[in-house]
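Structural features, examined
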Amino acid sequence: MLPPQHKYGGKRPVIAAFFDDTQDTDLMRPSSKLSNMVIKHRHLGKLKDGALGVTLLFATQNYTSSSGGLLKSIRGNLTHMLVFRNKNQKEIDKIGEEVGGEIKIEEFNSVYNQAIQGPHDFLFIDLHRKPNHPSIFRRNFNEWIIPGQ
């Protein structure tokens, strides 16, 4: 009889939760359980040698909103962001203030405009840039945008 085989060859599974159209719901209240999970998501699923964690993905039309945009706890824990075309310049400026800390807002707006050339293009922002990456900004996933060039 053969010993049991691990389904994933010993690799840990990846757990992800996708949140869509949650604006103006109880989930987007600062006192919600989601706000607590955003802070602790890397430590969920305790194992004897660490934790599985959970990847949280959010799709929203508004970055901030008086009626329930992304919670501050979510915005403060972002690792990656996709910014699609948006007609609200105040939203773009707010994103630039919060995530483009290494460049001025005018330069961030220039980077944003370089990224959204086509109807389905987006600005990809990697807030945990790898040392071998030339920038935190990309047009879509594959074209680097280097501010000031």
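For the chain, the helix and strand inventory stands at 4 helices and 8 strands. Mapped from its N terminus to its C terminus, the chain presents α and β elements in the order β-α-β-β-β-α-β-α-α-β-β-β. C-alpha atoms of the chain, sized along the principal axes, occupy 65 × 40 × 25 Å. Among the 149 residues that make up the chain, the fraction classed as buried is 35%.

Turning to the pairing of strand 6 (residues 122–126), a few remarks are in order. As a general feature of sheets, a regular strand has side chains that alternate between the two faces. Counting buried positions over the 5 residues of strand 6 gives 5, a clear majority of the element. Where strand 5 (residues 80–84) and strand 6 come together, 5 bridges link them in antiparallel fashion. Bridge assignment links Leu82 to a residue of strand 6, and that residue is Phe124.

For Asp24, which is not glycine, the phi torsion reads 65 degrees and is therefore positive. Within the secondary structure, Asp24 sits in the loop between strand 1 (16–20) and helix 1 (33–40). On the accessibility criterion, Asp24 (45% relative accessible area) is partly exposed. Backbone geometry at Asn140 places phi at a positive 60 degrees, although glycine is not the residue there. Its location among the elements puts Asn140 in the loop between strand 7 (137–139) and strand 8 (143–145). For Asn140, a relative accessible area of 17% gives the class buried.

Our next topic: the sheet that holds strand 5. One open sheet holds the 4 strands; their spatial order is 5-6-7-8, and the pairing between them is antiparallel. Taken across any chain shown, the strands that pair with only one partner, and hence form the sheet edges, are strand 5 and strand 8. The mean inter-strand angle of the sheet, taken between neighbouring strand axes irrespective of direction, is 30 degrees. Pairing of strand 7 with strand 8, which is carried by 3 bridges, proceeds in the antiparallel orientation. Counterpart to Arg139 in the pairing with strand 8 is Glu143. Taken strand by strand, helix 3 (residues 89–99) contacts strand 5 and strand 6, and its axis lies near 160 degrees from that of strand 5.

The next thing to look at is the layout of surface pockets. What the largest pocket holds in volume is close to 820 Å³. Along the wall of the largest pocket there are 28 residues; nearest its centre are Phe58, Leu78, His80, Met81 and Leu82. Contributions of two or more residues to the lining of the largest pocket are made by strand 4 (55–59), strand 5 and helix 3. In terms of residue class, the lining of the largest pocket is built from 16 nonpolar, 9 polar and 3 charged.

Of all hydrophobic cores here, the largest spans 27 residues; its most connected members are Met81, Val83, Ile95, Phe108, Leu123, Ile125 and Phe137. Broken down by secondary-structure element, the contributors of at least two residues to this core are helix 1, strand 5, helix 3, helix 4 (105–115) and strand 6. Here the element with the most residues in this core is helix 4; it accounts for 4 residues.

The contact between helix 3 and helix 4 brings their axes to 9 Å, and the two run at 115 degrees. Here helix 4 runs roughly perpendicular to helix 3, going by the angle between their axes. As helix 3 runs across helix 4, the sense of the crossing is right-handed. Side by side, helix 3 and helix 4 meet where Gln89, Ile92, Asp93, Ile95, Gly96, Glu97 and Val99 of the first sit next to Ile105, Phe108, Asn109 and Tyr112 of the second. Tallied by class, residues from the contact of helix 3 with helix 4 come to 6 nonpolar, 3 polar and 2 charged.

Rules used throughout
Residues numbered from 1 in each chain as written. Predicted model: local features only at pLDDT ≥ 70, side-chain atom pairs only at ≥ 80, totals over all residues. Heavy atoms only, no water. Helix = DSSP H or I, 4+ residues; strand = E, 2+ residues; numbered from the N terminus. Buried < 20%, exposed > 50% of the residue type's maximum accessible area, 1.4 Å probe, protein only. Pairing = 2+ DSSP bridges. Axes fitted to C-alpha atoms, helices over the stretch in contact; angles between N-to-C directions. Contact = heavy atoms within 4.5 Å. 1 Å grid on protein atoms, 1.4 Å probe; cavity = no way out; pocket = protein on both sides within 12 Å on 5 of 7 lines; lining within 4 Å. Points joined across faces, edges and corners; volume = space filled by probe spheres on them. Nonpolar A, V, L, I, M, F, W, Y, C, P; charged D, E, K, R; others polar. Core = buried A, V, L, I, M, F, W, Y, C linked by side-chain atoms within 4.5 Å. Parallel < 35°, antiparallel > 145°, perpendicular 65-115°, else oblique. Left-handed = near helix turned anticlockwise from the far one by under 90°.

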